[in-house]
Amino acid sequence: MCETPGLRSCLGIWTNNSNPGSETLHMATYMSKTSAIYHIVINTIYRKKTIDEKNKKELYKYIYGIIQNNSSTLLRINGIGNHIHILLDLHPSISLATLVQKIKQSSSRWLRENPNFPLFEGWGKEYFAFSYHQSQIPTVKQYIINQEEHHRFHPFEEELQNFCKENGIEWNDFLLT
């Protein structure tokens, strides 16, 4: 418990009393440390392949800006014509739902106005997000990098079903729009 004589100490202030009369106040530096690593999957509406392969990096740069403007850190992004994968470290000042909403709303508007994405109709209503430990980042990054190769053999719906199963989420075919 903080008592009055030590109150300054409880507030993170300490003094140098070795030289009476020349008291110097110092604020202790306290910083919260967080690690909120999320792998986010966002699909196009009805999973239509509307993200043009040759222009997708333009979309990724745009999404990078949204993430950066919300004080979060993009670790990796990639995808194919009907969905994207985003690995990021979420800043504690923003909720996951809010950031995903900003990504979907802003990029949807941008995609519709961009002549390089003439087929884009919108994002699906849902998104999927899974949390990971720092030690798992290299594995998840590699998975995201290899999206094109992975989807030569595995359809998107199978991928999501596996993610849900691995993370204890009950699969329901109505999860996708």
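Up top you'll find the structure we're talking about.
In every chain, residue numbers begin from 1 and rise along the written sequence. Per-residue local features are limited, in this predicted model, to residues with pLDDT of at least 70; the limit for side-chain atom pairs, both in listing and counting, is 80 or more; totals at the level of whole chains, interfaces and linings are taken over all residues. Here the side-chain values reflect all heavy atoms present in the structure, with hydrogen atoms and water set aside.

Peer 1: Residues and numbers for the packing of helix α2 (residues 56-69) against helix α3 (residues 96-113), please.
Peer 2: In this description, a line fitted to the C-alpha atoms serves as the axis of each element, helices being fitted only across the stretch in contact, and the angle between N-to-C directions of two axes falls anywhere from 0 to 180 degrees. Working definition: helices are DSSP H or I runs of at least four residues, strands are E runs of at least two. Numbering for both runs from the N terminus. The interhelical angle for the contact between α2 and α3, taken along N-to-C directions, is 140°, at an axis separation of 10 Å. Regarding the angle of α2 to α3, the classification is oblique. Relative to α3, the crossing made by α2 is right-handed. Counted together, Glu58, Leu59, Tyr62, Ile63, Ile66 and Ile67 of α2 and Leu99, Lys102, Ile103, Ser106, Ser107, Trp110 and Leu111 of α3 form the full contact between these two elements. Each residue is assigned to one of three groups, with Ala, Val, Leu, Ile, Met, Phe, Trp, Tyr, Cys and Pro labelled nonpolar, Asp, Glu, Lys and Arg labelled charged, and all others, Gly among them, labelled polar. By residue class, the composition of the contact of α2 with α3 is nine nonpolar, two polar and two charged. Here is the rule for angles: anything less than 35 degrees is roughly parallel, anything more than 145 is roughly antiparallel, 65 through 115 is roughly perpendicular, and the remaining ranges are oblique. By definition, turning the near helix anticlockwise from the far helix through less than a right angle yields a left-handed crossing, and turning it clockwise yields a right-handed one. We call two residues in contact whenever any of their non-hydrogen atoms come within 4.5 Å of each other.

Peer 1: Just give me the short version of the packing of aromatic side chains, but keep the residues and values in it.
Peer 2: In summary, the pairing rule links any two rings of Phe, Tyr or Trp, Trp by its six-membered ring, whose centres are within 6.5 Å, and it sorts them by plane angle into stacked for under 30 degrees, edge-to-face for over 60 and tilted for everything else. Applying the stated criterion across every chain yields a total of five aromatic pairs. Between Phe130 and Phe163, the ring centres sit 5.2 Å apart and the planes meet at 25°, which makes this aromatic pair stacked. In this pair, Phe130 is assigned in strand β6 (residues 128-132) and Phe163 in helix α6 (residues 156-166), connecting sequence segments 33 residues apart. Relative accessibility under 20% of the residue-type maximum defines a buried residue, over 50% an exposed one, and the middle range a partly exposed one, all with a 1.4 Å probe and only protein chains included. Taking relative accessible area as the criterion, Phe130 reaches 2% and is therefore assigned buried.

Peer 1: Before we move on, can you summarise the nonpolar core with the specific residues and values?
Peer 2: Buried Ala, Val, Leu, Ile, Met, Phe, Trp, Tyr and Cys residues that are joined via side-chain atoms within 4.5 Å together make up what is termed a nonpolar core. Core analysis: the biggest nonpolar cluster contains 24 residues, and Ile42, Leu59, Ile63, Ile84, Ile86, Ile103 and Trp123 have the highest contact counts within it. Mapped by element, the contributors of at least two residues to this core are β3 (37-43), α2, β4 (73-80), β5 (83-89) and α3. Examining the composition of this core, we find that six residues originate from one element, α3, more than from any other. Apart from the residues lying within four places of it in its own chain, the contact partners of Ile84 are Ile40, Val41, Ile42, Ile51, Leu59, Tyr60, Ile63, Asn78, Gly79 and Trp123. Of all hydrophobic cores here, the second largest spans 13 residues; its members include Val41, Ile137, Phe156 and Phe163.

Peer 1: Just give me the short version of the pattern of salt bridges, but keep the residues and values in it.
Peer 2: Take a side-chain nitrogen of Lys or Arg and a carboxyl oxygen of Asp or Glu: if they are within 4 Å of each other, that pair is a salt bridge. Tallied over the entire structure, the rule returns six salt bridges. Between Lys56 and Glu148 there is a salt bridge, with the nearest N and O atoms lying 2.3 Å from each other. Here the residue Lys56 occupies a position in helix α2, and Glu148 occupies one in helix α5 (residues 147-150), the gap between them amounting to 92 residues. Looking at Glu148, the relative accessible area reads 31%, which means it is partly exposed. Between Glu149 and Arg152 there is a salt bridge, with its nearest N and O atoms 2.9 Å apart. Owing to a relative accessible area of 41%, Glu149 belongs among the partly exposed residues under this scheme.

Peer 1: Could you give an account of a positive patch on the surface, naming the residues involved and the relevant values?
Peer 2: Candidates for patches are residues over 30% relative accessible area with no salt bridge; among them, like charges are joined within 9 Å and nonpolar side chains (Val, Leu, Ile, Met, Phe, Trp, Tyr) within 5 Å. Per-residue accessibility takes into account occlusion by the displayed protein chains alone, with areas from the Shrake-Rupley method and a 1.4 Å probe. For this count, His and the chain ends are skipped, Lys and Arg are scored as positive, and Asp and Glu as negative. Just so you know, the charge point we use is NZ for Lys, CZ for Arg, CG for Asp and CD for Glu. On the surface, Lys57, Lys61, Arg76 and Lys141 cluster together into a patch of positive charge. Tracing the backbone shows Lys57 in helix α2. Among the residues examined, Lys57 registers a relative accessible area of 62% and is labelled exposed.

Peer 1: Which residues make up helix α4 (residues 137-145), and what values do they have?
Peer 2: Considered for burial, the residues of α4 that qualify are Ile137, Val140 and Ile144. Looking down the long axis of α4, one finds its buried residues gathered within 70° of arc, a one-sided arrangement. Exposed residues on α4 whose side chains face more than 90 degrees from its buried face are Pro138 and Thr139. Against the buried residues of α4 lie β3, β4, β5, β6 and α5. The arc under discussion is defined with respect to the helix axis, by the directions toward the C-beta atoms.

Peer 1: Run through the sheet that holds β3, naming residues and quoting values.
Peer 2: Taken in spatial order, the four strands line up as β4-β5-β3-β6 in an open sheet, and their pairing is antiparallel. Single-partner strands in this sheet number two, and they are β4 and β6. Ignoring strand direction, the axes of neighbouring strands in this sheet form an average angle of 15°. Relative to β4, α2 is tilted by about 150°, and along the sheet it contacts β4 and β5. Here α3 sits on the sheet and contacts β3, β5 and β6; the angle it forms with β3, its principal contact strand, is near 40°. A pair of strands counts as paired when DSSP detects no fewer than two bridges linking them.

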